[in-house]
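# Summary of the model geometry
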Amino acid sequence: MNLRMDFQVRVAVDTEQQEWTPSPLAGVWRKPLEREAAESGHTTSIVRYDPNSKFSSHLHPLGEEIFVLDGVFSDETGDFPSGTYIRNPPGSRHAPFSNAGCTIFVKLNQFNELDLEQKRITTTELEWLPGNGNLQVMPLHNYEGEHVALVKWPRGEKFQSHAHFGGEEILVLSGELKDEYGSYPVGTWLRSPHMSRHLPYVDDETIILVKTGHLPI
């Protein structure tokens, strides 16, 4: 299985319009966004755990990155409510589950092999920082050229046209992001190639999860 693995192509997926597909384990469902192979390699997905469902213990050869979208996600290291940002470094292993049920955004096997920092960040307990223009930002992770952050756009904000060195990936968490190519409601996943450009703006307050500098140059 090879799904959207051409990183020179701009991609926009409205995940709210996707159907859930079953995973190998009962009660765990997925919406695949990009996938190198059926059950291995580079993978990005929206994943839903039904109440009292679990996934077997598994290894992350090149790391795992998670943002909890709703509910409570758990593993042997703790319970992580909506808004938690998680990084499990290359070579780590865990057995995830959810007692109450949850939905997560998850990226597998995409770390620099030297990026070994484990993170558990409850973003609902952090303060927003001033960003470019009237934007507010919440930095989550930086390693060499890779940057991950939450960005809050105030109503009516427009941003200057800019290029994405190392690409850009966005998940719209609330509101609606727009640019010259279209409109992107809650749940839209965007991936833009190295040195692509756009002119983003919003009509109403919008929050996005943004990752830059991680795609092939």
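Figured I'd write up the structure that's included with this text. All values derive from a computational prediction rather than experimental measurement. Along each chain, the written sequence defines residue order, and numbers are assigned to residues from 1. Owing to the predicted nature of the model, reporting of local features is limited to residues with pLDDT of at least 70; listing and counting of side-chain atom pairs is limited to 80 or more, with chain, interface and lining totals taken over all residues. Values reported for side chains reflect all heavy atoms of the structure, with hydrogen atoms and water molecules removed beforehand.

## Some details on the pairing of strand E8 (residues 78–81)
Pairing between strands is defined by DSSP: at least two bridges between them are needed. Here a strand is any run of E in DSSP of at least two residues, a helix any run of H or I of at least four, and the numbering for each starts at the N terminus. Pairing of strand E7 (residues 64–75) with E8, which is carried by 4 bridges, proceeds in the antiparallel orientation. By the bridge assignment for E8, Val-72 is matched with Pro-81. Hairpin connection from E7 to E8: 2 residues lie between these consecutive antiparallel strands.

## Quick look at the packing of aromatic side chains
Pairing of aromatic rings covers Phe, Tyr and Trp, the last counted by its six-membered ring, and requires centre-to-centre distances within 6.5 Å; plane angles under 30 degrees mean stacked, over 60 mean edge-to-face, and any other angle means tilted. Scanning the model with the defined rule gives 2 aromatic pairs in all. Here the aromatic rings of Tyr-49 and Phe-73 are separated by 5.8 Å at their centres, their planes lie at 70 degrees, and the arrangement is edge-to-face. Here Tyr-49 is found in strand E4 (residues 43–49), whereas its partner Phe-73 is found in strand E7, with 24 residues between them in sequence. Burial classes follow relative accessibility: with a 1.4 Å probe on protein chains only, a residue under 20% of its type's maximum area counts as buried, one over 50% as exposed, and anything between as partly exposed. For Tyr-49, a relative accessible area of 6% puts it in the buried group. Judged by relative accessible area, Phe-73 falls into the buried class, the value being 1%. Judged by centre distance (6.2 Å) and plane angle (70 degrees), the rings of Trp-153 and Phe-159 are edge-to-face. As far as the burial class goes, Trp-153 and Phe-159 line up, both buried.

## Let's talk about a nonpolar patch on the surface
Where nonpolar side chains cluster on the molecular surface, the patch consists of Phe-165, Met-195 and Ile-217 and spans about 370 Å² of accessible area. By the secondary structure assignment, Met-195 is in the loop between strand E21 (188–192) and strand E22 (196–198). Given a relative accessible area of 43%, Met-195 falls into the partly exposed group. Like-charged residues are merged into a patch within 9 Å and nonpolar side chains (Val, Leu, Ile, Met, Phe, Trp, Tyr) within 5 Å, provided each residue has over 30% relative accessible area and no salt bridge. In this description, accessible areas are obtained by the Shrake-Rupley approach with a 1.4 Å probe, and a residue is regarded as covered only by the protein chains that are shown. Think of a salt bridge as a Lys or Arg side-chain nitrogen and an Asp or Glu carboxyl oxygen that are within 4 Å of each other.

## Section: the nonpolar core
In this description, a nonpolar core means a group of buried Ala, Val, Leu, Ile, Met, Phe, Trp, Tyr and Cys residues linked to one another through side-chain atoms lying within 4.5 Å. Judged by nonpolar contacts, the single largest core of 15 residues is most densely connected at Phe-105, Leu-140, Trp-189 and Leu-209. When contributions to this core are tallied by element, the ones reaching two or more residues are strand E1 (11–14), strand E15 (136–143) and strand E16 (146–153). Any pair of residues with heavy atoms lying within 4.5 Å of one another is described as a contacting pair. Those residues in contact with Phe-105 that sit more than four places away from it in its chain are Leu-33, Thr-44, Ser-45, Ile-46, Glu-65, Ile-66, Phe-67, Leu-69, Glu-169, Leu-171, Trp-189 and Leu-209.

## Looking at the sheet that holds E15
Strand pairing in a sheet relies on backbone hydrogen bonds, with the paired strands running either antiparallel or parallel. Spatial ordering of the open sheet is given by E1-E21-E18-E23-E16-E15-E14, a layout of 7 strands whose pairing is antiparallel. Each edge of the open sheet carries a strand with a single partner, namely E1 and strand E14 (129–130). Sheet topology places strand E18 (residues 168–174) next to strand E23 (residues 206–212); 6 bridges connect them, and they run antiparallel. Its bridge partner being in E23, Val-172 is matched across the sheet by Ile-208.

## Looking at the pairing of E4
Counting buried residues along E4, 6 of its 7 residues qualify, which places the element largely inside the surrounding structure. Where strand E3 (residues 28–35) and E4 come together, 7 bridges link them in antiparallel fashion. In the strand pairing of E4, Glu-34 is matched with Thr-44. Pairing of E4 with strand E12 (residues 102–108) involves 7 bridges; the strand directions are antiparallel. The partner of Arg-48 across the bridge, within E12, is Thr-103.

## Regarding unusual backbone geometry
Peptide bonds are trans in most cases, and residues, glycine excluded, mostly fall at negative phi. Positive phi, normally seen in glycine, also occurs at Asn-109, with a value near 60 degrees. When you line up the elements, Asn-109 lands in the loop between E12 and strand E13 (119–122). We classify Asn-109 as buried; its relative accessible area is 17%. The residue Glu-144 is not glycine, and still its phi comes out positive at about 50 degrees. With respect to the secondary-structure elements, Glu-144 resides in the loop between E15 and E16. Overall, Glu-144 belongs to the exposed group, its relative accessible area being 61%.

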